[in-house]
Amino acid sequence: MRNKTKTLHSYKAIFSPVVFTLLLSSIFLPNFVQGQSANSQPRMLSESDLGKWERIGFRGTALSPDGKWLIYSITRNNRENELRLHDISKNSLKVLKNSGSVSFSSDSKWLGVLISPNFKTTKALRKEKKPVRRTFELLNLTSGTSSKVKNISSFSFSADGKFLVLNPYPPEKSKSKTSNIIVRNLVTGADTIFGNVKDFAWSDKGSLLAAIVETEDEIGNGVKLFDGNTSVTLDSKE
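**Student:** I keep staring at the environment of Tyr72 and nothing clicks. Help me out?
**Tutor:** Its location among the elements puts Tyr72 in strand S2 (residues 69-76). Sequence separation between Tyr72 and Leu83 is 11 residues; the distance between their C-alpha atoms is 5.6 Å. A distance of 3.1 Å separates polar atoms of two side chains, one belonging to Tyr72 and the other to His86.

**Student:** Looking at this structure, how should I read the sheet that holds strand S13 (residues 209-213)?
**Tutor:** Hydrogen bonding along the main chain pairs the strands of a sheet, whether they run parallel or antiparallel. On the basis of which strands lie adjacent, the open sheet formed by seven strands has the order S9-S10-S11-S12-S13-S14-S15 and antiparallel pairing. In this open sheet, the two edge strands, each paired with only one partner strand, are strand S9 (152-157) and strand S15 (231-236). For this sheet, the mean angle separating the axes of adjacent strands, direction not counted, is 40°. Bridge count between S9 and strand S10 (residues 163-168): five bridges; the pairing is antiparallel. By the bridge assignment, Ser154 is partnered in S10 with Asn167.

**Student:** Which parts of the structure should I look at to understand the pairing of strand S7 (residues 135-140)?
**Tutor:** A regular strand places its side chains on the two faces of the sheet in alternate fashion. Counting buried positions along S7 gives five out of six residues, so the element sits mostly inside the fold. Two elements, strand S6 (residues 110-115) and S7, share six bridges in a ladder whose sense is antiparallel. When the bridges of S7 are listed, Ile115 appears paired with Thr135. When S7 meets strand S8 (residues 146-149), the two strands line up antiparallel, connected through four bridges. When the sheet's bridge partners are listed, Leu138 is paired in S8 with Ser147. Counting the residues that bridge the hairpin from S7 to S8 gives five residues, and of these Gly144 lies at a positive phi of roughly 85°.

Conventions adopted
Residues numbered from 1 in each chain as written. Predicted model: local features only at pLDDT ≥ 70, side-chain atom pairs only at ≥ 80, totals over all residues. Heavy atoms only, no water. Helix = DSSP H or I, 4+ residues; strand = E, 2+ residues; numbered from the N terminus. Polar contact = N/O pair within 3.5 Å; in protein donor to acceptor, adjacent residues only side chain to side chain. Pairing = 2+ DSSP bridges. Axes fitted to C-alpha atoms, helices over the stretch in contact; angles between N-to-C directions. Buried < 20%, exposed > 50% of the residue type's maximum accessible area, 1.4 Å probe, protein only.

Put into structure tokens, the structure is as follows:
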């Protein structure tokens with residue numbers, strides 16, 4: 001326990017503003033200097049140039065629990081924003097366009113990302129009073145592969161990093177406050193569906209999932225517990 005505490009403190013130290021700024025400087029400064037020498041002749045900036053100006057956002061910035069992966073956001077004046085994922089040990093980069101909420105699994109094997117439509121598409125959908133739906137992307141940080149699931153509003157990893165819950169948007173114009181959640185076994189890739197879920201939560205340790213089920217006719221209402229293999233009803237009543 002003492003060693004885990006020391007490790008946690010070391011991660012927090014890495015995330016101090018000074019060290020974080022130095023880390024980003026080491027990433028960007030060489031490219032900046034190279035660009036300056038290659039384009040030494042000054043020129044007037046156009047409106048499109050101003051749109052490409054980048055800012056590093058600290059919102060959405062995260063360091064993987066093992067300290068090997070860093071993700072941070074880049075925002076631009078033209079709204080073409082992105083997330084950048086760095087493999088610190090290999091100094092490699094992966095760009096995730098139009099991405100928002102991110103989370104690493106506790107074992108640092110997976111990264112979950114919610115991807116929004118680009119700015120132009122979002123603006124058009126809102127003008128037509130249509131819902132803006134996000135897509136979930138799951139990245140396997142070990143193999144480098146990824147998979148996507150459309151129409152996901154939120155997601156959550158289990159405490160041990162072995163399972164994942166995907167929470168889809170309710171059907172359009174639906175008055176129901178429930179949804180059919182997807183529980184994915186990250187070891188086998190198998191999905192288990194739970195219908196009419198009003199709320200859910202993972203246990204603080206391991207991978208026990210508690211879910212409140214609420215149906216329109218109140219038949220089958222209850223609280224269920226899922227351990228990754230078996231679902232048990234803890235309570236059931238109207």
